[in-house]
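# Structural overview for review
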2 protein chains.
Amino acid sequence: MPKQTFFNLEPPKRQRVIDRAVEEFARLPFEQASLSKVVEDCGISKGSMYQYFEDKLDLYLYIVDLAYEEKRRFVAQAFATGGDIFTVLEEYYLQSYCFAQEHPLLHQVANKFWDSKAEVLKEHREQGLLSRARDFAQFLNEAMAQGEVNRGLDPEAVFFVYHAVGKDLIDHFDQGRNGQFLKKVLDVLRLGLTTRREEM
Amino acid sequence: MPKQTFFNLEPPKRQRVIDRAVEEFARLPFEQASLSKVVEDCGISKGSMYQYFEDKLDLYLYIVDLAYEEKRRFVAQAFATGGDIFTVLEEYYLQSYCFAQEHPLLHQVANKFWDSKAEVLKEHREQGLLSRARDFAQFLNEAMAQGEVNRGLDPEAVFFVYHAVGKDLIDHFDQGRNGQFLKKVLDVLRLGLTTRREEM
DNA sequence: CTCCAATGTGACTACCCAGTCATATGTTAG
DNA sequence: CTAACATATGACTGGGTAGTCACATTGGAG
């Protein structure tokens, strides 16, 4: 958490700090990002930065939080619209795609956070993963109860697959993957590889 | 490529360099790994290291190559045994699992190489990805021709899914995921989420 | 034994980093 | 006007890094 001093700043100055930090953490993962560079680009002194934040990690987590806060505003719509699990999942990834398009830097910040293997971030990552897993489990459970999803599948394995594919999809949003491709990928997950006799 | 001097070394000394470098690159990704630390742990001088290798990248790529060379010795068996595409893929991941168990450090080196976003490694990563994609495309093509795999799916999307899931599976081999879980994950990919009417 | 090429060395350069602290400059209250 | 407090500063500390180079050592050929 930033110190009170940071929130006492006049908004334009505060925003400048945020903007430069976002740029830096979008460019490089936590360990390689340079607080010195952020400070320099902001036109403030090193000492000031340490009046605003406890340390580099404090600044980083604040920026990551901002990114996820904004992202939540997008993906929340997916759960609001309703429909079967496949509709919701497609909408979820479409909204993630919109987020990536509209906030490319925040998108990269979020991606790099997720990829990071840094020990200091381990706890934060695992907490996020657990909370997603819980939400997904409940969601999947309902879909299985409704008969939308094959009851023979292992829910943990399903989450594993969706998480892996979802992460990679989101990772590649800024590399020319469009909404059409997203649909085809979700088709693979929905239908499975084995030919469906019922459809032949 | 290491310089000739490296290959002129007495094997035990050469091996010590390799072993320490493997440890370091298993511990940390390229950018964060410390050549100075490798040198120190080897008990050789910095200058000597630069007699053996052009630079840090040269050493790194040599180590990564060793890791993949060893890994290939495992996964090659999957393609040798034959069977349908699902049998081969399961065997492929089982062999990857064996590799991770028997060579945990090389496994981590390979994983960290794959995860790395470093610009200097971009070309090497992309070349590896392309070559895998080509192999997979041919393999999938045959399976579709044989009717083993749903012809309605987009081959590129199938590769995307398998690559994402496979990467994550392999990433988590050293975190208590066993062969049973692997099978369940592959079931999800094989069958898809939607309930199959033919099996009800 | 001698010479020479191959090999080994580690102090050194030139850089980068996070975080600190004594000092200076507002800013507000009495 | 002054005292007290909040904020700003940047040189500095102590640490790390990759890569270099003048010099030292070694080992074999003649």
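Residues numbered from 1 in each chain as written. Chains lettered and ligands numbered in written order. Predicted model: local features only at pLDDT ≥ 70, side-chain atom pairs only at ≥ 80, totals over all residues. Heavy atoms only, no water.

### So, the pattern of salt bridges
This structure, assessed with the given rule, holds 18 salt bridges over all chains. A salt bridge links Glu119(A) to Lys122(A), with the nearest nitrogen and oxygen atoms 4.0 Å apart. Separated by 3 residues within a single helix, Glu119(A) and Lys122(A) lie in helix 8 (residues 119-145), roughly one turn from each other. Classification of Glu119(A) as exposed rests on a relative accessible area of 60%. For Glu90(B), the salt bridge identified is with Lys183(B), shortest N-O distance 3.7 Å. Taken together, the positions of Glu90(B) in helix 6 (residues 85-102) and Lys183(B) in helix 10 (residues 179-191) put the pair 93 residues apart, joining distant regions of the chain. (Salt bridge = Lys/Arg side-chain N within 4 Å of Asp/Glu carboxyl O. Helix = DSSP H or I, 4+ residues; strand = E, 2+ residues; numbered from the N terminus. Buried < 20%, exposed > 50% of the residue type's maximum accessible area, 1.4 Å probe, protein only.)

### Details of the nonpolar core
Core analysis: the biggest nonpolar cluster contains 72 residues, and Tyr162(A), Val165(A), Tyr162(B) and Val165(B) have the highest contact counts within it. Those residues within four positions of Tyr162(A) in sequence are excluded, and the remaining contacts are Phe86(A), Leu89(A), Tyr93(A), Phe136(A), Leu186(A), Leu189(A) and Leu193(B). (Core = buried A, V, L, I, M, F, W, Y, C linked by side-chain atoms within 4.5 Å. Contact = heavy atoms within 4.5 Å.)

### Overview of the packing of helix 2 (residues 11-27) of chain B against helix 7 (residues 104-115) of chain B
Residues and elements named next belong to chain B. The geometry of helix 2 relative to helix 7 is characterised by a closest axis approach of 8 Å and an angle of 50° between their N-to-C directions. Comparing the axis directions of helix 2 and helix 7 gives the class oblique. The element helix 2 and its partner helix 7 pack so that their crossing is left-handed. Between helix 2, through Val22, Glu23, Phe25, Ala26 and Arg27, and helix 7, the contact on the second element is made entirely by Leu105, Leu106, Gln108, Val109 and Lys112. Looking at the contact of helix 2 with helix 7 residue by residue, the classes come out as 6 nonpolar, 1 polar and 3 charged. (Axes fitted to C-alpha atoms, helices over the stretch in contact; angles between N-to-C directions. Parallel < 35°, antiparallel > 145°, perpendicular 65-115°, else oblique. Left-handed = near helix turned anticlockwise from the far one by under 90°. Nonpolar A, V, L, I, M, F, W, Y, C, P; charged D, E, K, R; others polar.)

### Overview of the interface of chain A and chain B
Often, the extent of an interface is quoted as the loss of accessible area on bringing the components together. Contacts between the two partners involve 40 residues from chain A and, on the opposite side, 40 residues from chain B. Across the chain A to chain B interface the summed buried area is about 3900 Å²; carbon plus sulfur atoms make up 61%. If you look at where chain A meets chain B, you find 4 salt bridges. Two residues, Asp154(A) and Lys184(B), come together in a salt bridge whose shortest N-O distance is 3.4 Å. Where chain A packs against chain B, one counts 22 residue pairs in polar contact (both at pLDDT 80 or more). Those elements that provide at least two residues to the side of chain A that touches chain B are helix 9 (155-171) and helix 10 (179-191) of chain A. (Buried area = accessible area lost by both parts, 1.4 Å probe. Polar contact = N/O pair within 3.5 Å; in protein donor to acceptor, adjacent residues only side chain to side chain.)

### A few points about the protein's contact with DNA strand D
Every one of the 20 residues lining DNA strand D counts as a neighbour, but Gly47(A), Ser48(A), Gln51(A), Ser34(B) and Tyr50(B) are closest to it. At 2.7 Å, a side-chain N or O of Ser34(B) approaches a phosphate oxygen of DNA strand D. With respect to DNA strand D, the backbone of Leu35(B) contributes an N or O atom lying 2.9 Å from a phosphate oxygen. Broken down by secondary-structure element, the contributors of at least two residues to the surface near DNA strand D are helix 1 (4-8) and helix 4 (46-52) of chain A together with helix 3 (35-42) and helix 4 (46-52) of chain B. Broken down by element, the residue count for the surface near DNA strand D peaks at 5 residues, all from helix 4 of chain A. (Near = heavy atom within 4 Å.)

### As for the packing of aromatic side chains
Residue and element names in this part refer to chain A. Evaluation of the coordinates by the stated rule reveals 38 aromatic pairs over all chains. Measuring from ring centre to ring centre gives 5.0 Å for Phe30 and Tyr60, while their planes differ by 45°; the resulting arrangement is tilted. With Phe30 in the loop between helix 2 (11-27) and helix 3 (35-42) and Tyr60 in helix 5 (residues 56-81), this residue pair connects regions lying 30 residues apart in the sequence. Take Phe30: its relative accessible area is 9%, and that puts it in the buried class. Geometry around Phe30 places Lys56 over its ring, the cationic atom sitting 4.8 Å from the centre. (Phe/Tyr/Trp six-rings, centres within 6.5 Å; stacked < 30°, edge-to-face > 60°. Lys NZ or Arg CZ within 6 Å of the ring centre and 35° of its normal.)

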